[in-house]
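Here are the chains, one letter per residue:
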Amino acid sequence: MIKKRIRELLEQLDALLVAHYYQRDEVVEIADLTGDSLELARKASTSEKSKIIFCGVGFMGQSVKILAPNKRVFMPKIACCSMARMIDDSYFDASIAKLKEYGIAEIFPVTYINSNAEVKAKVARLGGVVCTSANASKILQYALKQNKKIFFLPDYCLGQNLAHDNGLKSAILGVDSQEKVQEADVICYHGFCSVHQLFTPKDIDFYRAKYPEILIAVHPECQPEVVKKADFVGSTSQIIKYVQSLKDSQKVAVGTEFNLVNRLREPKGEQNTFVLSSTKPECPTMNETTLQDVLRCLEAIQKGESYNEILLDSEIANLAKQALDKMLELS
Ligand code: 13P
Ligand code: SF4
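Novice: Where do I start with the site of ligand 2 in this structure?
Specialist: Surrounding ligand 2, one finds Y22, V57, C81, S82, N114, C193, V195, E221 and C283. Of the residues in the shell around ligand 2, the class split is six nonpolar, two polar and one charged.

Novice: What is the right way to look at the site of ligand 1 in this model?
Specialist: As a matter of local geometry, ligand 1 sits amid H20, Y22, D36, S37, Y112, N114, S133, H196, H219, E221, S235 and T236. Between ligand 1 and the protein, one listed contact pairs an oxygen atom with a side-chain N or O atom of Y22 at 3.5 Å. The fraction of the free accessible surface of ligand 1 (300 Å²) that becomes covered by protein chains is 96%. A class-by-class count of the residues in the shell around ligand 1 yields two nonpolar, eight polar and two charged.

Novice: Is there a simple way to think about the pattern of salt bridges in this case?
Specialist: When their charged atoms lie close together, side chains carrying opposite charge are able to pair. Taken as a whole and judged by the stated rule, the model has 18 salt bridges. A salt bridge links E29 to K3, with the shortest nitrogen-to-oxygen separation between them at 3.3 Å. Remark: K3 occurs in helix α1 (residues 2-12) and E29 occurs in helix α2 (residues 25-30); sequence separation between them is 26 residues. On the accessibility criterion, E29 (56% relative accessible area) is exposed. For R296, the salt bridge identified is with D293, shortest N-O distance 3.1 Å. In this pair, R296 and D293 both sit in helix α14 (residues 291-302), three residues apart, roughly one turn of the helix.

Novice: Can you help me understand the pairing of strand β12 (residues 252-255) in this one?
Specialist: Along a regular strand, successive side chains alternate from one face of the sheet to the other. On β12, burial covers both faces: V252 and V254 on one face and A253 and G255 on the other are all buried. Relative to β12, strand β10 (residues 215-218) runs parallel, the two being bridged by four bridges. If you follow V218 over to β12, its bridge partner there is G255. For β12 and strand β13 (residues 273-275), the ladder comprises three bridges, and the chain directions are parallel. Bridging from a neighbouring strand, V254 pairs with V275 of β13.

Novice: I tried to follow the sheet that holds strand β3 (residues 51-55) on my own but got confused; where do I start?
Specialist: Where strands meet in a sheet, backbone hydrogen bonds hold them as pairs that are either parallel or antiparallel. With respect to topology, four strands assemble into an open sheet ordered β2-β1-β3-β4, the strand pairing being parallel. In the strand order of this sheet, the two ends are held by β2 (33-35) and β4 (72-74), each with one partner. Taken over all neighbouring pairs, the strand axes of this sheet differ in orientation by 25° on average, direction set aside. Judged from the three bridges that link them, β3 and β4 form a sheet pairing that is parallel. When the sheet's bridge partners are listed, I52 is paired in β4 with V73. Taken strand by strand, helix α3 (residues 37-45) contacts β1 (15-20), β2 and β3, and its axis lies near 145° from that of β2.

Calculation notes
- Residues numbered from 1 in each chain as written.
- Chains lettered and ligands numbered in written order.
- Predicted model: local features only at pLDDT ≥ 70, side-chain atom pairs only at ≥ 80, totals over all residues.
- Heavy atoms only, no water.
- Near = heavy atom within 4 Å.
- Nonpolar A, V, L, I, M, F, W, Y, C, P; charged D, E, K, R; others polar.
- Polar contact = N/O pair within 3.5 Å; in protein donor to acceptor, adjacent residues only side chain to side chain.
- Areas by Shrake-Rupley, 256 points an atom, 1.4 Å probe, with all protein chains shown as cover.
- Salt bridge = Lys/Arg side-chain N within 4 Å of Asp/Glu carboxyl O.
- Helix = DSSP H or I, 4+ residues; strand = E, 2+ residues; numbered from the N terminus.
- Buried < 20%, exposed > 50% of the residue type's maximum accessible area, 1.4 Å probe, protein only.
- Pairing = 2+ DSSP bridges.
- Axes fitted to C-alpha atoms, helices over the stretch in contact; angles between N-to-C directions.
- Contact = heavy atoms within 4.5 Å.

Here is the structure:
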């Protein structure tokens, strides 16, 4: 009943229902478009629909609004990414000042898409670019051509994992010594994902001891010690493709958000697809959005009421767009 009403309103309002893979099943099942953060930014911003109902976290909805300023973007629930909240424009400025204090004046900034519009605008002002977990390697290759030290923010894990893959030195600003930062090719901001921090090397050891043939697939937001031990590292959609490509009898333990892993279990059964954690790795804010929220949001739009609409300062949005457009061009 509620699903039918949502579909009717979406049609009437010329709206597209978009859901990140980490959303609850009930939301994913009814969405017009599901995907990882790169796919959603690209496809939602180029869709024909004039309104986007975005079930995900704030930076994802903002990315669509930045790329398609003429569309109206609404969030059925106010939901923030804890990592994106770890940096704002003042912390960005403080980091740049710290780097200058260390004698590092020339940097090329790369921000993970998990950051707000103001931070993306700051990065654009310095000529930098955005990346997602799906295109981070390509963006790093571009960044390396700038012949400057790379300042990677906010996720130190993704930054260090990328550096390690490419044989580069990395350090974390504010954690590692001044000398280590000065020597690093990739200097990382000290942000992280509270969900992906839950996976540990011990979890991998546990599964390998129990099932010697098991494969381990993890998201690059996991800690470097975890990523180094994994068989496969990839973005949300890359993990899905990898797991789906395995034989049904192949056991695999997956280090990313619970809703996604649980959905991957369905065709293969619980005995072959495992959550790589002793706790349930749910993204708390991603899990907040319900079908009731989607309906409430659509009903409010129909009545002409405001409802968690994403509105951005045009100067900030224009700058942030430069860094996002550059990413899309490169990926
Ligand atoms: P993806 O780019 O893989 O969708 O990741 C976004 C995210 O927030 C993962 O925690
Ligand atoms: Fe942010 Fe982590 Fe949630 Fe992804 S899983 S949205 S990085 S808090």
